[in-house]
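Residues per chain are reported as follows:
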Amino acid sequence: MKTGLKQFILGAGVLSALGVTAYVSSPYWLEWIEQVRSRQQAAKAESDPHDGHDHSGHDHGSEEAKPVLVLSDQAMENLGLEMSKIQLTDYWRTIQIPGIVSEQQGHSERRIPAPVAGVITKLYIFPGQSVRPGDPLMDVQPTGELLTTTQASLLRTLKDIELIDLELKRISPLVENGTMPAKMKIEKEYERHRLESLQLIQTQELLVRGLSPEQINNIVESKILIRQFTVRVPGGVASDASGTTSLPNNRAAQVVPAALVKADPLDVEPKDRVYSVESISVYPGKLVQPGDGLVELALHTVLDLTGQAFEREAPLILQTLQENWPIDATFETADGTPLKRDGLKIRYIESSVDGASRIQKFHIPLLNQVLRATTGDDGISYHAWLFRPGQRVRLSVPVKKLTGQIVLPAEAVIQEGADAYVFRANGKQLERVAIVLEHSDARTAVIKNDGTLTPDFDLVAKNHAYQLNLELKKKLGEGGGGGHSHEGHSH
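None of the values given here were measured: they were computed from a predicted structure.

Basis of the calculations
Residues numbered from 1 in each chain as written. Predicted model: local features only at pLDDT ≥ 70, side-chain atom pairs only at ≥ 80, totals over all residues. Heavy atoms only, no water. Pairing = 2+ DSSP bridges. Helix = DSSP H or I, 4+ residues; strand = E, 2+ residues; numbered from the N terminus. Axes fitted to C-alpha atoms, helices over the stretch in contact; angles between N-to-C directions. Parallel < 35°, antiparallel > 145°, perpendicular 65-115°, else oblique. Left-handed = near helix turned anticlockwise from the far one by under 90°. Contact = heavy atoms within 4.5 Å. Nonpolar A, V, L, I, M, F, W, Y, C, P; charged D, E, K, R; others polar. Phe/Tyr/Trp six-rings, centres within 6.5 Å; stacked < 30°, edge-to-face > 60°. Buried < 20%, exposed > 50% of the residue type's maximum accessible area, 1.4 Å probe, protein only. Lys NZ or Arg CZ within 6 Å of the ring centre and 35° of its normal. Core = buried A, V, L, I, M, F, W, Y, C linked by side-chain atoms within 4.5 Å. Salt bridge = Lys/Arg side-chain N within 4 Å of Asp/Glu carboxyl O. Polar contact = N/O pair within 3.5 Å; in protein donor to acceptor, adjacent residues only side chain to side chain.

Trainee: Residues and numbers for the sheet that holds strand S9 (residues 275-280), please.
Mentor: Taking strand neighbours across the sheet as the criterion, the four strands line up as S4-S11-S9-S6 in an open arrangement whose pairing is antiparallel. Each edge of the open sheet carries a strand with a single partner, namely strand S4 (109-113) and strand S6 (130-131). As paired strands, S4 and strand S11 (residues 293-299) are joined by five bridges and run antiparallel to one another. Across the sheet, Glu109 pairs through a bridge with Ala298, a residue of S11.

Structure follows, in structure tokens:
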């Protein structure tokens, strides 16, 4: 009994103490309860902005639509959608300069003149044919009296030298035996030296009159006057022994040798050059005089890109030349497929500006290549070249280098007013993400690396951003997340 009474008295004391404590601290915990209630009401108001409205007659979606697009595998394949991982790379800011493919002045055209007066007896070439150094062009029968006279004089000199050699061979043993004075041998040797000097003079005269060193050697070896000789493409060596050729030395069609793929076009060896016959000015039976044009040849193994920059762009072109920055060229094609050549260098800038157009030209060497080589039944070869004079080209001239940039194709970015977006892969969804453009042109877009896209991790659509954005807008409009009418609300 005593124990139970004690417990009752103890419990009553504890309750009394708690009550006194609660009464004393009531201002503090009542204020705390009020703050918690206020936070809950504010959170409820944010989660349902229509709280307190009269929602009768409205059917709201359960959640707001997000800028996310889901495409099936079939839809992505039909669209031709390509995904690309975000990478940091260097980017050259460029300006676009129009240009034209042209022949190199003084190097792409070759006029073959008549070396001597004579009559054309045979042609070995046809218009458009491809020829190489040493190939025959035509046969000429000399008619000039001076050329014939000089050849005859050279033959007489050669014959006199042979006679002197025979005489020296006869008297040399006699002089050694003492039966003949040495003076006679010395006189014969002096005579031979004089004839050798005369032979050299006559040889130089024949060179001046149009004969080649090979043809002169043929005269010396065969002791026969040249009655007809073959005009050849410069740079080669005649292979016949008589100075004439009865059949053309045609070559089978072949691609341009490896020498033409050198970095410096000036390294192309003469023997590796491929000429095209542009025009023929003579025909068999025509009489020609020294210097008359016979054939026009074109050398298209190396061409020239002529850039046409406005005067205000000249300092940028000069900077590119001084820094030796590479230039990219894009050529027009019939099927619209871009044809590009990268890493080109400016050779020189013209020192004058056209007064009427205010255009300053600069020149870039362009190494050409054979597009197709064919050989006809007659053994004649023809070449079709990839680049042709008169072809239009667009030159991308670098003006500034940007390092560590996110570079995407232009069709990977959609711009709406001041905003720009890309579509980032999020599982099977494509999420439209706002980005900041550092630079954009018709081909590329440079995106600011501000953490919105994660390099080496995020995947983005690299094409068809415009179509994806249209599909997203359509989805948002049909899903009701793009806004609704407040008609019938009680505000």
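Right, picking up where we left off after that structure.
Trainee: An account of the packing of helix H4 (residues 182-208) against helix H5 (residues 213-222) is needed here, citing residue identities and associated values.
Mentor: Close contact between H4 and H5 brings their axes to 10 Å; oriented N to C, the two are set at 135 degrees. The angle between H4 and H5 falls in the class oblique. As for the relative orientation of H4 and H5, their crossing is right-handed in sense. Only Pro213, Ile216, Ile219 and Val220 of H5 make contact with H4, whose side of the interface consists of Gln199, Thr203, Leu206 and Leu207. Its residues placed into classes, the contact of H4 with H5 shows six nonpolar, two polar and no charged.

Trainee: An account of the packing of aromatic side chains is requested, with residue identities and associated values reported.
Mentor: What characterises a pair of aromatic rings is the spacing of the ring centres plus the angle enclosed by the ring planes. Following the criterion strictly, the structure yields two aromatic pairs and no others. Consider the rings of Phe331 and Phe387, whose centres lie 4.5 Å apart with planes at 35 degrees: the pair is tilted. Of this pair, Phe331 sits in strand S13 (residues 327-331) while Phe387 sits in the loop between strand S18 (381-385) and strand S19 (392-409); the two residues are 56 residues apart in sequence, bridging distant segments of the chain. Of the two residues examined, Phe331 and Phe387, each falls in the buried class. Over the face of the ring belonging to Tyr421 we find Arg432, whose NZ or CZ atom lies 4.4 Å from the ring centre.

Trainee: Please give an account of the sheet that holds strand S7 (residues 136-142) that cites residues and values.
Mentor: Strand order in this open sheet of four strands is S8-S7-S5-S10, and the pairing throughout is antiparallel. This sheet does not close on itself; its edge strands, each paired only once, are strand S8 (229-232) and strand S10 (287-288). Direction of pairing for strand S5 (residues 118-123) relative to S10: antiparallel, over a ladder of two bridges. Considered in S10, the bridge of Gly118 is made with Val288.

Trainee: Describe the nonpolar core, and please don't skip the residues or the numbers.
Mentor: Core analysis: the largest hydrophobic core is formed by 29 residues, its most contacted members being Met138, Leu211, Val231, Leu294, Val295 and Leu297. Elements with a contribution of two residues or more to this core: S7, helix H3 (145-177), H5, S8, S9 and S11. Residue contacts for Val231: discarding those within four places in its chain leaves Ile112, Pro115, Asp135, Pro136, Leu137, Met138, Val140 and Leu294. Ranked by size, the runner-up nonpolar core spans 22 residues in total, among them Phe331, Phe362, Ile364 and Leu386.

Trainee: Run through unusual backbone geometry, naming residues and quoting values.
Mentor: Even without being a glycine, Asn324 presents a positive backbone phi close to 60 degrees. In this structure, Asn324 sits in the loop between helix H6 (314-323) and S13.

Trainee: Account for the pattern of salt bridges, with residues named and values stated.
Mentor: As enumerated under the stated definition, the model contains twelve salt bridges in all. Between Glu162 and Lys159 there is a salt bridge; the shortest N-O distance is 3.6 Å. Highlighted residues: Glu162 and Lys159, both in helix H3, separated by three residues, approximately one helical turn. Residue Glu162 is classed as partly exposed on the basis of its relative accessible area, which comes to 34%. With a shortest N-O distance of 2.7 Å, Lys473 and Glu416 are connected by a salt bridge. Remark: Glu416 occurs in strand S20 (residues 414-416) and Lys473 occurs in helix H7 (residues 465-479); sequence separation between them is 57 residues.

Trainee: How would you summarise the environment of Phe229 if you had to cite specific residues and measurements?
Mentor: Here Phe229 shows up in strand S8. Here the alpha-carbon distance between Phe229 and Thr121, two residues 108 residues apart in the chain, equals 9.8 Å.

Trainee: If you had to explain the side chain of Thr306 to someone new, which residues and values would you point to?
Mentor: Along the chain, Thr306 falls in strand S12 (residues 302-310). Residue classification places Thr306 among the buried residues on the basis of a relative accessible area of 7%. Of note is the side chain of Thr306, whose polar atom sits 3.0 Å from the side chain of Asp304. A polar side-chain atom of Thr306 sits 3.5 Å from a polar atom in the side chain of His363. In this structure Thr306 touches Pro98, Gly99, Ile100, Ser102, Lys361, Phe362 and His363, once residues within four positions along its chain are discounted.

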